[in-house]
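Architecture and fold: a report
Spelled out from the first residue to the last, the chains are:
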Amino acid sequence: MKPSRGEEKWKVAVTGGAGQLGRLILRRLVNDRAVSSVVCLDLHPPRLSHPKLEPAIADLRTADLDHLFMGCNVVIHLAFLIGEYLPRQRFHAVNVKGSMRVFQAAAAAGASQIIYSSSAAVYGMVPGHPEPVVEETPRVHQAAFSYAAAKYEVEKFLDTFEQEHPSLQVVRLRPVVLVGEEMENPMGKLMRRRRLPSFGEAPLPIVWDEDVADAALLALHQRASGAFNLAADDPLPPVALAEETGMGAMQIPHGLAMRIARLSPLLSKVGLGSLIDPAWIETSDVRLVLSSAKARGVLGWKPRCNTAVEVMQHFLATVPQKVERRIAAFMKMAALVGRCGPRQPELRSIRLAIHLHLTGPGGGDFGIVVEDGRVKASAVPPLSVMAVITMRSSVFLDLLAGRTDWGSAQLTGKVHAEGQAHAPMIVAGMIANYRMRSQQPGVSGFLTRTMARWIESGAGN
Amino acid sequence: MKFSLFFEMQISEPTPESEARLFHDCVAQATLADQLGYHCIWAVEHHGLYEYSHSSAPETFLAYVAAKTEQIRLGHGITLLPFRYNHPIRIAERIATLDILSGGRVNWGSGKSSSLVEQLAFENDLGLLHDQWLEALEMILKMWSSEVFSFKGRFFDIPETRVIPKPVQRPHPPIFAACSKPDSAATVGQLGLGALNFALGDDVYLEQKVREYRHAVAAAQPQGWMKNNHFACTPATLVLEDDRKACRYGFRGARFFSETLCFYYLSGTRPVGPLNVARDFFSDDDLAAAMALRNTPGSMIATIVGDPTCARESVQRLVDIDVDELILVMQLGTIPQDLVMESIRTFGEQVMPYF
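Here the structure is a predicted model, which is why all the values come from computation and not from measurement. (Residues numbered from 1 in each chain as written. Chains lettered and ligands numbered in written order. Predicted model: local features only at pLDDT ≥ 70, side-chain atom pairs only at ≥ 80, totals over all residues. Heavy atoms only, no water.)

**Concerning the sheet that holds strand 9 (residues 231–234) of chain B**
All names here are of chain B. The eight strands lie next to each other as 1-2-3-4-7-8-9-12, forming a closed barrel whose pairing is parallel. Neighbour-to-neighbour, the strand axes of this sheet turn through a mean angle of 25°, independent of strand direction. One ladder, built from five bridges, connects strand 3 (residues 73–80) with strand 4 (residues 106–111); its direction is parallel. Pairing of Thr79 across the sheet is with Ser110, part of strand 4. Sheet contacts for helix 1 (residues 16–36): strand 1 (2–7) and strand 2 (40–43); angle to strand 1, the most-contacted strand, approximately 175°. (Pairing = 2+ DSSP bridges. Helix = DSSP H or I, 4+ residues; strand = E, 2+ residues; numbered from the N terminus. Axes fitted to C-alpha atoms, helices over the stretch in contact; angles between N-to-C directions. Contact = heavy atoms within 4.5 Å.)

Below you can see the structure in the form of structure tokens.
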């Protein structure tokens, strides 16, 4: 999107900006020329650094929202506890009361638009819905499922709130289950291992998370209001979906799954698995098939993954199953060189924290931190990131093997860099260092050469 | 917006003949730029950066160009100030002489060097480079402003001496400094110096750098010299009527520039060259991808490569960011002389007049 010069510039606040959807929306906002600045509210720092971005560590129950939203034209409210099984009262305090505080503070700050990520669960995960479910389909309060109940209550509050603030454009995005590169829930963990959990026969409603982020930006640019379902078409039951895409279906008998879920509070206390609200399992048999025709028609939403099968195929193509062993070995060696090798005097005055994001089969997420004249690689991205370098794992291997060079990879867009502009040069320098060392005499040269031969013999070309 | 040319004096796989030709080619480029109304030519000072930069005696090159040109300004981008490279008195004398002979056309930039190759070749103490730069800067400006100069500092103890001649630009030629590290634009701004930057990052990042610089320079109160609020950057540039041809050669040259730079500055090693970098043309697929990426939102702003229409778009991005001067790096390794000349002409006639 390229607004013409002189167009008004928006200040946008995002709650939950460090979450799965939040990160994607933040990235889009900071790269949007119509957006002048972005305030991110979250319990955690956002994994992105950008001059337009003002991160704030904030708890929606207590944060000074009036102050944080000052001057904001748009508030995008994403923060919500989803899967965690918490005492009802705390769940309610964060999700429902926290949301109310956000909306009221947005109105008080004089914002002209609120974009709220509601959920398909707002219709209630109960049997008997029409097919497909459209935005006018009556919503059902499902007291037994605290997540769905909270989503319902927030929208109910919005119904009144909208009437009290007629000048405020309120958008309610109602996505189904988000599938994407950085899923933090148990389903995501299984999917990375190419397993799809199946508890029942109902179609699994999914949508690619970047498509949802795109919808939020479309709603922002069009100053839209109203509710929008967001789901990939043609949802399939997990077993069929797994079969169609070559994943393994993990069929868990309903009763067993329920028992595990009920035991999860106990198990998680001894360090096994995470807390799951049993209602997630109980409701997995419910058919909830949404139509996104309105989003396509009104917002001009063009999801990159149109169908559930496409979502899953995209997941398999972009989300690494396991780090390629050559990449893993290189990063280990780079970590060792960074720790024990000589300092690089030319880096003395540079401090940088880089997230190296390698997508596709064999990829993974790594950290590269420059401090004290050293380039330190690590197996996890730094918490507070100043730049993100993204490329396919195969491109990274090509760079290591000298099959391609950094300059052309960046000029052709195979390497994408965001944030601090020296970051790509640091990563390029790290690779150049390795390639130079492989030509040197001595033990280190020999070891590097041996490794280089192994890396070059690997996949690619 | 001011438009200038940058001379690294790059050369891929030099022979004695091609290296000698390079210098005459650069003179031809500079004189053409003068005729077309470019603002300045900037020559670097590097030592031993084989292929990346053969411009080790820019004062000689600039003096020669001064005699062959009428209007164009002559920039040192930059002179290395740590005293093992150049004694401050010699610098003050040379710059003043060039200023006199060129009729007051000198822009003078300074810096401290950041490649291990030259730092160690001149046996520098790496921990002192920054302080040596600052002390020499102060001294040189003082030499130009005092009839009789004397100085007692950390590195120098110079008795009363007449440093002659004086520059004709009063009180002194505009002064600049190199910014090659993430925070150096702001540091240079605090000193009240013009900032010479690489063109790195996307619009938003560069805009932020300019803002930080403006903020710092506004607050600066330099003692001993005139403040120079000026932000310049150096995109790799090739502009030809034929968009695809410009990209074919321009991206190859831009890649040579960034790859060789990376080896000399960021590899943590001290290469003596030749360098193991790619010199071939992009494949058709890569070329198409690189062409499509130009001027898209979030794209890097490091190149101005293509036909005049595309170049005007790229320049507009830099105008929007409030950059004062583009020091175009057209003299890139691997790009043949006739194309560099064509590019200087095409840009001068079809892009420059729009800004």
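**Notes on unusual backbone geometry**
Residue and element names in this part refer to chain B. Note that the residue after Gly77, namely Ile78, is joined by a cis bond; omega there is 15°. Structurally, Ile78 is set in strand 3. Note the cis peptide between Ile164 and Pro165, where omega equals -5°. If you trace the backbone, Pro165 turns up in the loop between strand 6 (157–161) and strand 7 (175–179). Phi at Asp322 takes a positive value of approximately 80°, unusual for a residue other than glycine. Here Asp322 lies in the loop between helix 10 (308–320) and strand 12 (325–328). We classify Asp322 as partly exposed; its relative accessible area is 40%. (Buried < 20%, exposed > 50% of the residue type's maximum accessible area, 1.4 Å probe, protein only.)

**Things to note about the interface of chain B and chain A**
On the side of chain A, 42 residues touch chain B, which itself brings 43 residues to the contact. Summed over both sides, the interface of chain B with chain A buries roughly 3,500 Å², with 63% coming from carbon and sulfur. Its largest share of buried area at the contact with chain A, chain B owes to Val204, Tyr205 and Leu266 of chain B, together 15% of the area lost on that side. Where chain B packs against chain A, one counts three salt bridges. Residue Asp286 of chain B pairs with Lys414 of chain A through a salt bridge whose shortest N-O separation is 2.7 Å. Across the contact surface, chain B and chain A share eight residue pairs in polar contact (both at pLDDT 80 or more). Contributions of two or more residues to the side of chain B that touches chain A are made by helix 7 (203–219), helix 8 (243–266), helix 9 (284–293) and helix 10 of chain B. Per element, the largest residue contribution to the side of chain B that touches chain A is 10 residues, and it comes from helix 8 of chain B. For the side of chain B that touches chain A, the residue count by class is 21 nonpolar, 14 polar and eight charged. (Buried area = accessible area lost by both parts, 1.4 Å probe. Salt bridge = Lys/Arg side-chain N within 4 Å of Asp/Glu carboxyl O. Polar contact = N/O pair within 3.5 Å; in protein donor to acceptor, adjacent residues only side chain to side chain. Nonpolar A, V, L, I, M, F, W, Y, C, P; charged D, E, K, R; others polar.)

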